[in-house]
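Structural characterization, general
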Amino acid sequence: MKKILLWILAFILTGTLLLTCVCLVGRQVIAPGLQEDGAQVSDAVIREEKELARQRITELADLYGFTAEPVIEFVNEETLRDLHQEASRWYSRILTDGKSGEDVVWNPEGLEAVFAKDPALAELSRDEAESMILICTDEVRRSMVRMVLPLRQQVIGIGLQMAGKKVDLPNIIEFLVGVPWAALAISALIAGLIALFAGRIRFSLKYIGSALGAAAIVLAATAVLFLSAGIQSMIREASAGLTIQYQDVVSGAVLLTAVMAAVLLAGCAVCLWLGRKSVKTA
Amino acid sequence: MSTETKKKRERVWFLPLVLALPFLAVIAAIAVRFGPTVIKLISVAIKAAVVS
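These numbers were taken from a predicted model, which means no experiment stands behind them.

Parameters and conventions
Residues numbered from 1 in each chain as written. Chains lettered and ligands numbered in written order. Predicted model: local features only at pLDDT ≥ 70, side-chain atom pairs only at ≥ 80, totals over all residues. Heavy atoms only, no water. Helix = DSSP H or I, 4+ residues; strand = E, 2+ residues; numbered from the N terminus. Buried < 20%, exposed > 50% of the residue type's maximum accessible area, 1.4 Å probe, protein only. Areas by Shrake-Rupley, 256 points an atom, 1.4 Å probe, with all protein chains shown as cover. Domains from an automatic or database assignment. Contact = heavy atoms within 4.5 Å. Buried area = accessible area lost by both parts, 1.4 Å probe. Salt bridge = Lys/Arg side-chain N within 4 Å of Asp/Glu carboxyl O. Polar contact = N/O pair within 3.5 Å; in protein donor to acceptor, adjacent residues only side chain to side chain. Nonpolar A, V, L, I, M, F, W, Y, C, P; charged D, E, K, R; others polar. Disulfide = S-S within 2.5 Å. Axes fitted to C-alpha atoms, helices over the stretch in contact; angles between N-to-C directions. Parallel < 35°, antiparallel > 145°, perpendicular 65-115°, else oblique. Left-handed = near helix turned anticlockwise from the far one by under 90°. Phe/Tyr/Trp six-rings, centres within 6.5 Å; stacked < 30°, edge-to-face > 60°.

The secondary structure content of chain B amounts to two helices and zero strands. When each of the 52 residues of chain B is scored for burial, the buried share is 25%. Of the roughly 3800 Å² of accessible surface on chain B, 72% is carried by carbon and sulfur atoms.

This is the structure:
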């Protein structure tokens, strides 16, 4: 009877440990979006986006006949970081207010001047040149915003309005952010209960170690299942800009999952090894 | 060391796997039952919300 109770507690401990790990990963994914002043974007993302921006500007230059190099130089790392801050504030409004608010508009000073100095456009008549400067500026702006925030902002806004009538998104987010620590506290409580019911801490190690190992196995299996679902290929087909950001978020989440699984496995090995000693002495 | 104690000591390493089995079974069942629908929904959502 005592053994059955201990195994039930170990089963519950596995569940709470899993909940802690899954919520910690979820928290890591959404936490940057909760910063009011905008999330910090990694250098790797900026580098890849700079390369993508170069490709897009070259395509636009071929289409509209302007010189690509000055525009590519204009869209530097600092400019991309500013644009990311704008996009991050847009995400933040969704997560904290449950509304998308105004669309992200990128209006950098000096882009029109870059086109105005372009010798290829200077060859046109004055009216044509002015018109081309406006068109080219608008196209580059739109292309860069689409690269950094490749979402139909109005569609998201309508979707959020509809969802907001049924669920309170900000409250759910706030609740989710607090769940990992609550689940961790419950896990510690259950581990204590196992030790209490087992009588001696050494005897309880078998159950606690099994729960840690089981949580690591299930966590790894869940990560493998998610990675094999093929979401990345869908995103790659849909947008190159989103693929860069998705890869950055997923690699961070996978790294955290791997670290947590390794910690759980190490805990499992230590507990079971010490537990084996108790079997020997018993 | 008796044979029974030795067996017990060896069996202890399989306990995490045994404890993980119910969770893996539930995850597998959910993946089989709802996986294709969820993937289809994600695909539709990506197509609707993402600008190429």
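Structure's up, so let's keep going.
Further remarks concern the domain arrangement of chain A. Residues and elements named next belong to chain A. Domain boundaries assigned for chain A yield domain 1 (2–32 + 172–281) and domain 2 (38–164). When each unit is reduced to the centre of its C-alpha atoms, the spacing between domain 1 and domain 2 is 40 Å. Taken together, the contact between domain 1 and domain 2 spans 11 residues of the former and 14 residues of the latter. Roughly 960 Å² of surface becomes buried between domain 1 and domain 2 when both sides are summed, with 64% attributable to carbon and sulfur atoms. The tally of links from domain 1 across to domain 2 stands at zero salt bridges. Linking domain 1 with domain 2 are three residue pairs in polar contact (both at pLDDT 80 or more), by the criterion used here. Per-element tally for the side of domain 1 that touches domain 2: the top contributor is helix H12 (residues 240–281), with seven residues. Classifying every residue of the side of domain 1 that touches domain 2 gives six nonpolar, four polar and one charged.

Looking at the secondary structure, you find A:Thr257 in helix H12. Among the residues examined, A:Thr257 registers a relative accessible area of 11% and is labelled buried.

The next subject is the interface of chain A and chain B. Counting residues at the interface gives 37 residues for chain A, matched by 25 residues for chain B. When the area that chain A buries against chain B is broken down by residue, the three leading residues are A:Arg152, A:Met234 and A:Arg276, summing to 21%. Seen at the junction of chain A and chain B, the total is zero salt bridges. Inspection of the chain A/chain B interface yields three residue pairs in polar contact (both at pLDDT 80 or more). Looking at the side of chain A that touches chain B, the elements with two or more residues in it are helix H1 (2–30), helix H8 (153–164), helix H10 (201–227), helix H11 (231–238) and H12 of chain A. When residues in the side of chain A that touches chain B are grouped by element, the largest group, 11 residues, is from H10(A).

Let us look at the state of the cysteines. Two cysteines, two sulfur atoms, one covalent bond between them: this is a disulfide. Residue and element names in this part refer to chain A. Per the stated rule, a full pass over the model turns up zero disulfides over all chains. Cys268 carries a free sulfur, and the closest cysteine sulfur to it, the one in Cys271, is 7.5 Å from it. Look at Cys268 and you get buried, because its relative accessible area is 5%.

Before going further, it helps to examine the packing of H1(A) against helix H9 (residues 169–198) of chain A. All names here are of chain A. Remark: H1 packs on H9, axes separated minimally by 8 Å, with the N-to-C direction vectors making an angle of 155°. One way to sum up the angle between H1 and H9 is to call them roughly antiparallel. Judged by the twist between their axes, the crossing of H1 over H9 is left-handed. Class assignment of the residues belonging to the contact of H1 with H9 gives a composition of 25 nonpolar, three polar and two charged.

So, about the packing of aromatic side chains. Residue and element names in this part refer to chain A. A full pass over the atoms with the stated rule returns three aromatic pairs over all chains. Between Trp7 and Tyr207, the ring centres sit 4.8 Å apart and the planes meet at 70°, which makes this aromatic pair edge-to-face. With Trp7 in helix H1 and Tyr207 in helix H10, the pair connects residues that are 200 residues apart, well separated along the chain. Residue Trp7 is classed as partly exposed on the basis of its relative accessible area of 26%. Assessed through its relative accessible area of 4%, Tyr207 is described here as buried. For the ring pair Phe66 and Phe115, a centre distance of 4.9 Å and an interplane angle of 90° mean the geometry is edge-to-face. Pair noted here: Phe66 is in the loop between helix H2 (43–64) and helix H3 (68–74) and Phe115 is in helix H5 (residues 111–116), with a separation of 49 residues, a long-range link. The burial state of Phe66 is the same as that of Phe115; both residues are buried.

This next bit is on the environment of A:Arg89. All names here are of chain A. One can find Arg89 in helix H4 (residues 77–97). Residue classification places Arg89 among the partly exposed positions, given a relative accessible area of 30%. In the structure, Arg89 is positioned 15 residues away from Val104 in sequence and 8.9 Å away in space, judged by C-alpha atoms. A distance of 3.2 Å separates polar atoms of two side chains, one belonging to Arg89 and the other to Glu86.

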